[in-house]
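Report on the structure
Letter by letter, the chains look like this.
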Amino acid sequence: MSALSEVIGSMLIAVGAFFYVVGAIGIYRMPDVFTRMHAAGISDTAGAGLLIAGMMFLAGFSLVAVKLAIIMGVILFTSPIATHALAQAALHEGLEPVGVGNKILIGPGAHPGPEKIGKATTKKTRKPAKRAARKPAKSKATKRKTASAKRRTRS
Amino acid sequence: MILAAATLAVLVALLLGVIRALRGPTVFDRVLAANAIGTGAIMLLALIGFLTGRPEFLDIGILYALLNIIGTLAVLKFFRYGDLSHPGGEEPGDA
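These remarks concern the structure in this document. (Residues numbered from 1 in each chain as written. Chains lettered and ligands numbered in written order. Predicted model: local features only at pLDDT ≥ 70, side-chain atom pairs only at ≥ 80, totals over all residues. Heavy atoms only, no water.)

1. A short note on the interface of chain B and chain A
- Taken residue by residue, the interface counts 38 residues in chain B and 42 residues in chain A.
- Summed over both sides, the interface of chain B with chain A buries roughly 3600 Å², with 80% coming from carbon and sulfur.
- On the chain B side of the contact with chain A, B:Arg20, B:Phe28 and B:Leu32 bury the most area, a combined 18% of that side's loss.
- Counting the contacts that link chain B with chain A gives 2 salt bridges.
- A:Lys67 serves as the salt-bridge partner of B:Asp59, at 3.1 Å between the closest nitrogen and oxygen.
- Taken together, the connections running from chain B to chain A amount to 7 residue pairs in polar contact (both at pLDDT 80 or more).
- Put simply, the parts of the chain that give the side of chain B that touches chain A at least two residues each are helix 1 (2–23), helix 2 (27–51) and helix 3 (57–81) of chain B.
- Considering every element that reaches the side of chain B that touches chain A, the biggest residue donor is helix 2 of chain B, with 13 residues. (Contact = heavy atoms within 4.5 Å. Buried area = accessible area lost by both parts, 1.4 Å probe. Salt bridge = Lys/Arg side-chain N within 4 Å of Asp/Glu carboxyl O. Polar contact = N/O pair within 3.5 Å; in protein donor to acceptor, adjacent residues only side chain to side chain. Helix = DSSP H or I, 4+ residues; strand = E, 2+ residues; numbered from the N terminus.)

2. Remarks on helix 2 of chain B
Residue and element names in this part refer to chain B.
- Between the first and last C-alpha of helix 2 there are 35 Å, a value that for 25 residues agrees with the 36 Å anticipated at 1.5 Å per step.
- Of all 25 residues that make up helix 2, 19 are buried, and the element is covered over most of its length.
- Just downstream of helix 2, Gly 53 is the residue with a positive phi angle, here 70°. (Expected span 1.5 Å × (residues − 1). Buried < 20%, exposed > 50% of the residue type's maximum accessible area, 1.4 Å probe, protein only.)

If you want it as C-alpha cells, here you go:
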C-alpha cells in the first residue's frame, strides 16, 4: 500500500514539475503582460497543485498532509486574486493586450510584442548613427560639452 | 530521486522568473514575476523539506504563501495610488 502511494506520489510530482517548468517558460517567452498572467496561472494551479498532491501522497495521513492542504488552499485562493488585481491595474494603466483590434499574432507580419517594438526602434535609431560620419557625433559631443559648461556657469 | 528532479525543475522555473523580473518592460511584468517567484519559493521549501526529511519547512511555506498575496496587492496599490493608506475608489487625478 505504501509502495503504491509512493509510486502515485512520484508520478504526480513528475507531472507537476513538468507543468511548473512549462508555466515558467511561458512567463519568460510570452509577448505580453496578460499572456504572461495566463502562463503564471498554469504554474500556480497545475504545477503547484500536482506537486503538492504528490507530496501529500508521499506523506500519507499526517499533520504534514494537512499543512500541505493549507498551502494548496491558500495558493488556490490567492493566485486568482493576484492575477485579477494585476490585470485590472494593467488595464487601468492603459496597457493593451496583444491581439486586440485584429492584429495578427502568428506568422510573417505578426504584431510584435512591446519588447520587440522597443528593440526595433532602438536598432533603427542606432544604425544611421553608425553609418553617419563622425562629425555629427563630434558635434553632439561638443554640444554636450557646451551644455555642461553652461550648467557649470549657471551653477 | 524524483524529489531532487522536481527541486531542480523548480530552480529552473525560479531562474526564468528572475530573468523576467529583471527584463520585464513594465512594472506589472515585474510584479507578476515576483508573484511567480514567491510561489516557486513555497514549492522549493516544501520539496527541500521532503528531501531532507524536515517537514517543519512547511510552516515557513504557509507563511510565504500568506505574505505573497499581501506583497503583490501592496505593490499594485502603491503603483496605482502612490500611497498605501489611500482609501481607494476615486483616482488622485479625478478630484
